[in-house]
Amino acid sequence: MQEIVERIRRSPIMRGLSDETLRRLASVAVERRLSAGEVLFVQGARRRAFFLVVEGELEIRHEMHGQQDLRVLLGPGDEIGEAVLIGPSRHTASGRALSDLRLYELTREAMHEALADDVGGTLELLSRAAHNMSRTLQYASSRQLAAEKVHHASESRREHDLLGERDVPEDALYGIQTLRAVENFPITGIRLSHFPEFVRALAMVKLAAARVNVRLDQLDEDVASAIERACLEVMGGRWHGHFVVDMVQGGAGTSSNMNANEVIANRALELLGKRRGSYDACHPNNHVNLSQSTNDVYPTAIRIALNFDLRRLINALTSLKEALEHKAHELSNVIKMGRTQLQDAVPMTLGQELYAAALTIGEDIARLGEAVRLCLEVNIGGTAIGTGITTDPEYAQAVVAELREITGLELVLAENLVEATPDTGAFVAFSGTVKRSAVKLSKLCNDLRLLSSGPRAGFNEINLPAVQPGSSIMPGKVNPVIPEVVNQVAFQVIGNDLTITMAAEAGQLQLNAFEPIIAFNLFQSLEMLSCAVETLTSRCIVGITANAEHCRETVEQSIGIVTAVVPALGYSRASEVAKLAAQSGRSVREVLLEDGYLSADEVDDLLSIESMTAPRPLPRRMKK
């Protein structure tokens, strides 16, 4: 019983409750054990309990459009589910044991019963839960709402830097330089934590540096071990809520690098049994940033993160390609009129049209894979301007080799680090390829909107799934909102590419100071485009149906089918037929038969609609 009391007492939202209140809560705490892979709770299910992790790791994942994103990794001492104390709600993510897990469960009903006559304890607990949720929203990114455990504390610690001293919240893993950056750059409201692969990439670089530094006898083993454990936790998804610096910042990324240095240093201090901020034992600059500079850490982390982030877009595009191929096969027998410049051209099948779209998506997948390989060349080890000042001669090659092991990527050291440090050409090339994909996706969505237009005063060849009412004034109207949103994402990606181009051009001398806006736009483009493609596939493409009879009728009435008789009549006489059909209102078939251009058998053969959708043997000579 006393062990449970002490465990609960250490919970940030229960710290400071009276002994009586803690004993009451401990009396209803139930120990639960889960094996690796077992599910604790499921997204969408009703919250029923508050949990305290005692041993093992719990991963929290959010699912949307069939994709699961790791929100956070919780470990010993962490808690989740304080929202259940406030009122009934549903889980916004799923929790699964990553390893053998031991935790305490306190259900909402049991806590209410235990505290039924403890009004003071109940009010204090609710107040702390509400305050903790508010604090969580302040520090968590929009992607991780209610996931990270950044707790408010009335205490603060005094830290100092070049400019003086400041009070940093005692519960913050970040330090004074991050605090100054938060104050200096209230630009987008989008923090580093919004892009988890970037945060993980920063931790990977710090981990590689620590391992190499200890091998080169530049770092004490106990400090290096603590840094390594802290980095692995960040890589696993923990502590992301403490990466609070705005993505867009002055200083060429120094604030991002220092945010990582301070979080890792303070977590390492905890692992060493020290207080946060006691930097004599593990210093953000002297230890975590050893043998490094923002100017090689930051661009290296961007390159690593781009390789990881692209995987989601590739997966989304692959699913889109497969959905288009499936739909092309399903609608392969639907004959329709092809169009050029929005005018009737010649017949084709809807399957041919959709399969062509699938092929172009496949081309984009291949080009993206080629373009991101440019980002495998890194300048880590160059430090300030590429000369490698403050590093051991063996460091650069060793840290790249270590990064290859950590990331699983085929990273290579740039041939000349002085050249590589200010060079952003790879980002420009990669962004251009992402833009290419966005442009082609937008064209596909333009086509979908045209083909589904109407339904009675437009093309009306296909039906897009109806996902929401389309008008606040026109009853029954349904708009193509999914293609429309993809169009808008494409416009944003195209604009982002221009920003990246201008930022790359604006670099001066030995460093490009504008890499933060490059990184922000690259990550934003990948994230938005991935979400857009997933939405397009799941909410639009898979539900397309065809109006086959209407499609065939428009083909039969089209003047464009006169093209099929050119091999028999020649271009000039076929043009006469087209002109007569347009002027008289008759069909091409009727003109050919009534005016004696061809026999009935010849007309039936040449105007066979199915035969117009593929090559066929031509007559040996044209009629005079």
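Thresholds applied
- Residues numbered from 1 in each chain as written.
- Predicted model: local features only at pLDDT ≥ 70, side-chain atom pairs only at ≥ 80, totals over all residues.
- Heavy atoms only, no water.
- Helix = DSSP H or I, 4+ residues; strand = E, 2+ residues; numbered from the N terminus.
- Buried < 20%, exposed > 50% of the residue type's maximum accessible area, 1.4 Å probe, protein only.
- Contact = heavy atoms within 4.5 Å.
- Areas by Shrake-Rupley, 256 points an atom, 1.4 Å probe, with all protein chains shown as cover.
- Lys, Arg positive; Asp, Glu negative; His and termini not counted.
- Charge placed at Lys NZ, Arg CZ, Asp CG, Glu CD.
- Phe/Tyr/Trp six-rings, centres within 6.5 Å; stacked < 30°, edge-to-face > 60°.
- Lys NZ or Arg CZ within 6 Å of the ring centre and 35° of its normal.
- Axes fitted to C-alpha atoms, helices over the stretch in contact; angles between N-to-C directions.
- Parallel < 35°, antiparallel > 145°, perpendicular 65-115°, else oblique.
- Left-handed = near helix turned anticlockwise from the far one by under 90°.
- Nonpolar A, V, L, I, M, F, W, Y, C, P; charged D, E, K, R; others polar.
- Pairing = 2+ DSSP bridges.
- Expected span 1.5 Å × (residues − 1).
- Polar contact = N/O pair within 3.5 Å; in protein donor to acceptor, adjacent residues only side chain to side chain.
- Patch = residues over 30% accessible without salt bridge, like charges linked within 9 Å, V, L, I, M, F, W, Y side chains within 5 Å.
- Salt bridge = Lys/Arg side-chain N within 4 Å of Asp/Glu carboxyl O.

Undergrad: Sorry, what's going on with the overall build of the protein chain here?
TA: Secondary structure summary: the protein chain contains 22 helices and 16 strands in total. With the C-alpha coordinates aligned to their principal axes, the bounding extent of the protein chain is approximately 105 × 65 × 40 Å. Here the protein chain, with 624 residues, has 52% of them falling under the buried criterion. Taking the intrachain contacts of the protein chain between residues at least 6 apart in sequence as the baseline, contacts between residues at least 24 apart amount to 72%. Carbon and sulfur atoms form 52% of the exposed surface of the protein chain, whose accessible area is close to 28,000 Å². In the protein chain, 64 side chains carry a positive charge and 80 a negative one; their mean positions are 4 Å apart.

Undergrad: Teacher, can you tell me more about the packing of aromatic side chains here?
TA: Two aromatic rings are characterised by how far apart their centres lie and by the angle between their planes. In the structure shown here, the tally under the stated rule is four aromatic pairs. Taking the centre distance of 6.2 Å and the plane angle of 25° together, the rings of phenylalanine 41 and phenylalanine 51 count as stacked. Of this pair, phenylalanine 41 sits in strand S2 (residues 39-41) while phenylalanine 51 is found in strand S3 (residues 49-55), placing the two residues 10 residues apart along the sequence. Owing to a relative accessible area of 8%, phenylalanine 41 belongs among the buried residues under this scheme. A residue is classified by how much of its surface remains accessible, and phenylalanine 51, at 4% relative accessible area, is buried. When the ring centre of phenylalanine 459 is taken as reference, the NZ or CZ atom of arginine 339 above it lies at 4.2 Å.

Undergrad: In this structure, what is going on with the packing of helix H7 (residues 196-215) against helix H13 (residues 395-407)? I would like to understand it.
TA: Two measures define how a pair of helices packs: the angle their axes make with one another and the distance between the axes. Where H7 meets H13, the axes come as close as 9 Å, and the angle between the chain directions of the two elements is 130°. In terms of their interaxial angle, H7 and H13 are classed as oblique. Between H7 and H13 the crossing geometry is right-handed. Counting all contacts with H7, which are made through Met204, Val205, Leu207, Ala208, Ala209, Arg211, Val212, Asn213 and Arg215, the residues of H13 involved are Tyr395, Ala398, Val399, Glu402, Leu403, Ile406 and Thr407. Across the contact of H7 with H13, the residue classes tally to 11 nonpolar, two polar and three charged.

Undergrad: Can you walk me through the pairing of strand S8 (residues 101-107) in this structure?
TA: On any regular strand, side chains alternate: one points to one face of the sheet, the next to the other face. The buried count for S8 comes to seven of seven residues, which makes it a mostly enclosed element. Every second residue of S8 is oriented toward a common face, with Leu101, Leu103, Glu105 and Thr107 on one face and Arg102, Tyr104 and Leu106 on the other, all of them buried. Alignment of strand S1 (residues 30-34) against S8, held across five bridges, turns out to be antiparallel. Within the sheet, the bridge partner assigned to arginine 32 lies in S8 and is leucine 103. The pairing of S3 with S8 spans six bridges and is antiparallel. Residue glutamate 55 lies in a different strand from S8, and its bridge partner there is arginine 102.

Undergrad: Teacher, can you tell me more about helix H11 (residues 294-330) here?
TA: Two residues of an α-helix separated by three or four positions point the same way, owing to the 3.6 residues in each turn. Relative to the 54 Å expected for 37 residues at 1.5 Å per residue, H11 spans 53 Å between its end C-alpha atoms, a close match to the ideal helical length. Most of H11 is tucked away, with 27 of its 37 residues classed as buried. Taking the backbone nitrogen of asparagine 295 as reference, a side-chain oxygen 3.0 Å away marks serine 293 as the first, capping residue of H11.

Undergrad: Honestly, a negative patch on the surface in this entry has me stumped. Any pointers?
TA: A contiguous patch of negative charge on the surface is contributed by Asp217, Asp220, Glu221 and Asp222. With respect to the helices, strands and loops of the structure, aspartate 220 is situated in the loop between H7 and helix H8 (221-235).

Undergrad: What is the right way to look at the packing of H8 against helix H9 (residues 254-271) in this model?
TA: Between H8 and H9, whose axes approach to 8 Å, the crossing angle comes to 120°. As judged from the angle between their axes, H8 and H9 are oblique. The chirality of how H8 crosses H9 is right-handed. Facing H8, whose interface residues are Ala226, Ile227, Arg229, Ala230, Cys231 and Glu233, H9 presents Ile264, Arg267, Ala268 and Leu271. Split into classes, the residues belonging to the contact of H8 with H9 amount to seven nonpolar, no polar and three charged.

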